[in-house]
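What follows is the residue order along each chain.
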Amino acid sequence: LPSLPGAAMFAAPTMVKRLVEHPGRETADTSNWKTIVYGGGPMYVEDCKAAKRAFGDVLVQIYGQGECPMTITCLPREDIADESHPRFEARIASAGRAFANVEVMVADADDRPVPVGELGEVCVRGDLVMAGYWRNPEASADALRNGWLHTGDVGFLDEDGYLTLRDRSKDMIISGGTNIYPVEVEDALLQHPHVVEVAVVGRPDPEWGERVEAFVVRDGDASAQDLDAFCRQHIARFKRPRRYHFVQALPKNAYGKVLKRELVAG
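First, a word on scope: everything that follows refers to the structure included in this document. (Residues numbered from 1 in each chain as written. Predicted model: local features only at pLDDT ≥ 70, side-chain atom pairs only at ≥ 80, totals over all residues. Heavy atoms only, no water.)

Focus on the overall build of the protein chain
Along the protein chain, the regular secondary structure elements total eight helices and 14 strands. Compactness check: the protein chain gives a C-alpha radius of gyration of 19 Å against a globular reference of 18 Å for 266 residues, within 12% of the reference. Here the protein chain holds 266 residues, and 46% of them are scored as buried. For the protein chain, restricting intrachain contacts to residue pairs at least 6 apart in sequence, the fraction spanning at least 24 positions comes to 59%. Of the roughly 13,900 Å² that the protein chain leaves accessible, carbon and sulfur atoms contribute 51%. Across the protein chain, the 31 positively charged side chains and the 40 negatively charged ones have centroids separated by 3 Å. (Helix = DSSP H or I, 4+ residues; strand = E, 2+ residues; numbered from the N terminus. Rg over C-alpha atoms; globule rule 2.2 N^0.38 Å. Buried < 20%, exposed > 50% of the residue type's maximum accessible area, 1.4 Å probe, protein only. Contact = heavy atoms within 4.5 Å. Areas by Shrake-Rupley, 256 points an atom, 1.4 Å probe, with all protein chains shown as cover. Lys, Arg positive; Asp, Glu negative; His and termini not counted. Charge placed at Lys NZ, Arg CZ, Asp CG, Glu CD.)

This is the structure in structure tokens:
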């Protein structure tokens, strides 16, 4: 962990978590680290707090897609640093507010903006949004409907314009006709002291359509019964996993993103 004057880096949240857990971190000199910009996946509240304790107020979050590269929203270091704010945890769980040169809307199925706090698809427009996909007019027309880029991400805006992402729409679990967002369940489970990593997926169920299952990396004796009781304290009963799989590691790509498709298919 070298320390360079005014050093700045970009990292996926998984990479930030690995830096925090690196065996040499406590003896490394990171005093000259200026900025750690993270993005590309969810940064859970507990992981964000751990990174703040480890490295200080150097964290910045950006959110974007290839179609609007890293320029949809930003959560600046001032927000992540301000633990005195009454909505501090909600803010560090968010992806921040829209960049100055784009507009962000959370929309319903008819591309109408939904009320504050209500879930919908995240849409964005502005000069930085792509003109279209190369030689694919059908995909371009689908993604750029009514003048807005449809990201495929599900989230909500609060009264101050902070965008909180729930999940990719394709990752949403529909169980018994109810929408369940894996990130919410994962965030709850990661508060357990013996849960190191977790990935929540939906699997086919003959009665409910889909059931919630959790793949858990643990560092202690947490049992399925322990985790079930823990979930009952933190999330609605119907959202809790119906089955737990204890694994040594989660499958990831080269960027540290969990490959949930492999878990669903396994």
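A closer look at the sheet that holds strand β7 (residues 120-126)
If you walk across this open sheet you meet the four strands as β6-β7-β8-β9, and the pairing is antiparallel. What marks the edges here is a single partner per strand, and that holds for β6 (102-107) and β9 (163-168). Sheet twist, expressed as the mean angle between neighbouring strand axes with direction ignored, is 45°. Alignment of β6 against β7, held across six bridges, turns out to be antiparallel. What sits directly across from Val 102, in β7, is Gly 126. (Pairing = 2+ DSSP bridges. Axes fitted to C-alpha atoms, helices over the stretch in contact; angles between N-to-C directions.)

Observations regarding the pattern of salt bridges
Pairing between side chains becomes possible if they bear opposite charge and their charged atoms approach one another. Scanning all chains against the criterion turns up 24 salt bridges. Note that Lys 17 is salt-bridged to Asp 47, the shortest N-O span being 3.4 Å. Here Asp 47 lies in helix α2 (residues 45-55) and Lys 17 lies in helix α1 (residues 13-21), a separation of 30 residues in the sequence. The residue Arg 211 makes a salt bridge to Asp 205 at a minimum N-O spacing of 3.6 Å. On the basis of relative accessibility, which here comes to 17%, the residue Arg 211 falls in the buried class. Taking the relative accessible area as the measure of exposure, Asp 205 reaches 16% and is therefore buried. (Salt bridge = Lys/Arg side-chain N within 4 Å of Asp/Glu carboxyl O.)

By themselves, these observations are geometric and do not establish any function.
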